[in-house]
Amino acid sequence: MATVSIIIPVLNEADNLPLLFDNINRLNPNPQQVILVDGGSNDDSIGIIQSFINELMPDNNSKIDWQMTESKAGRALQMNTGAALATSDVLLFLHADTQLPLHAIDSVSEAMKRAEWGRFDVQIASRQPTLRLVSQMINWRSRLSGIATGDQAIFISQSLFERIGNYPNQALMEDIELCKQLKGKQLKGMAKPACLKSKVITSARRWQQHGTWRTIILMWHLRFDYWRGVSADNVKARYYK
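Residues numbered from 1 in each chain as written. Predicted model: local features only at pLDDT ≥ 70, side-chain atom pairs only at ≥ 80, totals over all residues. Heavy atoms only, no water.

Colleague: Pulling in residues and values, what's your account of unusual backbone geometry?
Modeller: Look at the link from Asn28 to Pro29: it is a cis peptide, with omega at 5 degrees. Note that Pro29 resides in the loop between α1 (17–25) and β2 (33–38). Even without glycine at this site, Ala153 takes up a positive phi of about 55 degrees. With respect to the helices and strands, the residue Ala153 is situated in the loop between α5 (129–145) and β7 (155–157). (Helix = DSSP H or I, 4+ residues; strand = E, 2+ residues; numbered from the N terminus.)

Here it is, written out as structure tokens:
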């Protein structure tokens, strides 16, 4: 079975960390390694992570190698920093507000027998019918396009990740750009991504904070602008406006 390192970029995620730790500890089997990369949090994220890891140290009874490191802010930079410390066969990039299915490690290991990278289906954590439809549309679009989003917990062999030069160091849409590079490799005879039907559950916080339809329309516009060549810095400025 392939070993898996989970890499998690963190920036002011204090409220989400307890649920994240609980989810990862309940995975069966466990990942080999979990690397949390803080990008300059000004809440209590670093303290919560350090306390959690320190509680494991006296008895050293955890089957998981938990690590924390720091980098400058920027999801791509943080994930690349974590990847440089990874020791497993497979890298799984997980957002701090996203939960994996309990059989995730087995699912990834099986998928890597037929592909060099892949992603999960996603479900937005909401009972709102519109957001359930949005989740399904994301999954359909991903299957048709071969493009995954970071919310879908992208996983990739460490060797392939190194060959393509890691995540592109850009302000936003790093997940889209990574998949575009992988699609280019695919056209040269590499395997297509493994699209797993098991679902990760991701937070609905952005949709709730900014409004469902407003967020849907904004994301369509940003993706279209990025597709037609608008810079990632420009897209980021509008995303966080």
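Colleague: Give a detailed account of empty space enclosed by the protein, specifying residues and quantitative values.
Modeller: Evaluation of the coordinates by the stated rule reveals one cavity of 30 Å³ or more. What the largest cavity holds in volume is close to 40 Å³. The wall of the largest cavity is formed by Arg75, Met79, Phe93, His95, Gly150, Tyr167, Glu174 and Asp175. Looking at the lining of the largest cavity, the elements that each hand over two or more residues are α3 (75–83) and α7 (174–187). (1 Å grid on protein atoms, 1.4 Å probe; cavity = no way out; pocket = protein on both sides within 12 Å on 5 of 7 lines; lining within 4 Å. Points joined across faces, edges and corners; volume = space filled by probe spheres on them.)

Colleague: Which residues make up a nonpolar patch on the surface, and what are the values?
Modeller: Residues Leu133, Met137 and Trp140 make up a contiguous nonpolar surface patch of roughly 330 Å² in combined accessible area. Of note, Leu133 is situated in helix α5. (Patch = residues over 30% accessible without salt bridge, like charges linked within 9 Å, V, L, I, M, F, W, Y side chains within 5 Å. Areas by Shrake-Rupley, 256 points an atom, 1.4 Å probe, with all protein chains shown as cover. Salt bridge = Lys/Arg side-chain N within 4 Å of Asp/Glu carboxyl O.)

Colleague: Give me the lowdown on the packing of α1 against helix α2 (residues 45–56), citing residues and values where you can.
Modeller: Two elements in contact, α1 and α2, have axes separated by 11 Å at closest approach and are oriented at 30 degrees. Relative to α2, α1 is oriented so that their crossing is right-handed. Side by side, α1 and α2 meet where Leu17, Phe21 and Asn25 of the first sit next to Ser45, Ile48, Ile49 and Phe52 of the second. Across the contact of α1 with α2, the residue classes tally to five nonpolar, two polar and no charged. (Axes fitted to C-alpha atoms, helices over the stretch in contact; angles between N-to-C directions. Left-handed = near helix turned anticlockwise from the far one by under 90°. Contact = heavy atoms within 4.5 Å. Nonpolar A, V, L, I, M, F, W, Y, C, P; charged D, E, K, R; others polar.)

Colleague: Quick rundown of the pattern of salt bridges? Include the residues and the values.
Modeller: Working definition: two side chains of opposite charge can pair if their charged atoms are close together. A complete count under the given rule lists eight salt bridges for this structure. With a closest N to O distance of 3.1 Å, Arg205 and Asp97 form a salt bridge. Pair noted here: Arg205 is in helix α8 (residues 205–210) and Asp97 is in the loop between β4 (90–93) and β5 (98–99), with a separation of 108 residues, a long-range link. On the basis of relative accessibility, which here comes to 15%, the residue Asp97 falls in the buried class. Where salt bridges share partners, they join Glu13, Asp97 and Arg205 into one cluster. (Buried < 20%, exposed > 50% of the residue type's maximum accessible area, 1.4 Å probe, protein only.)

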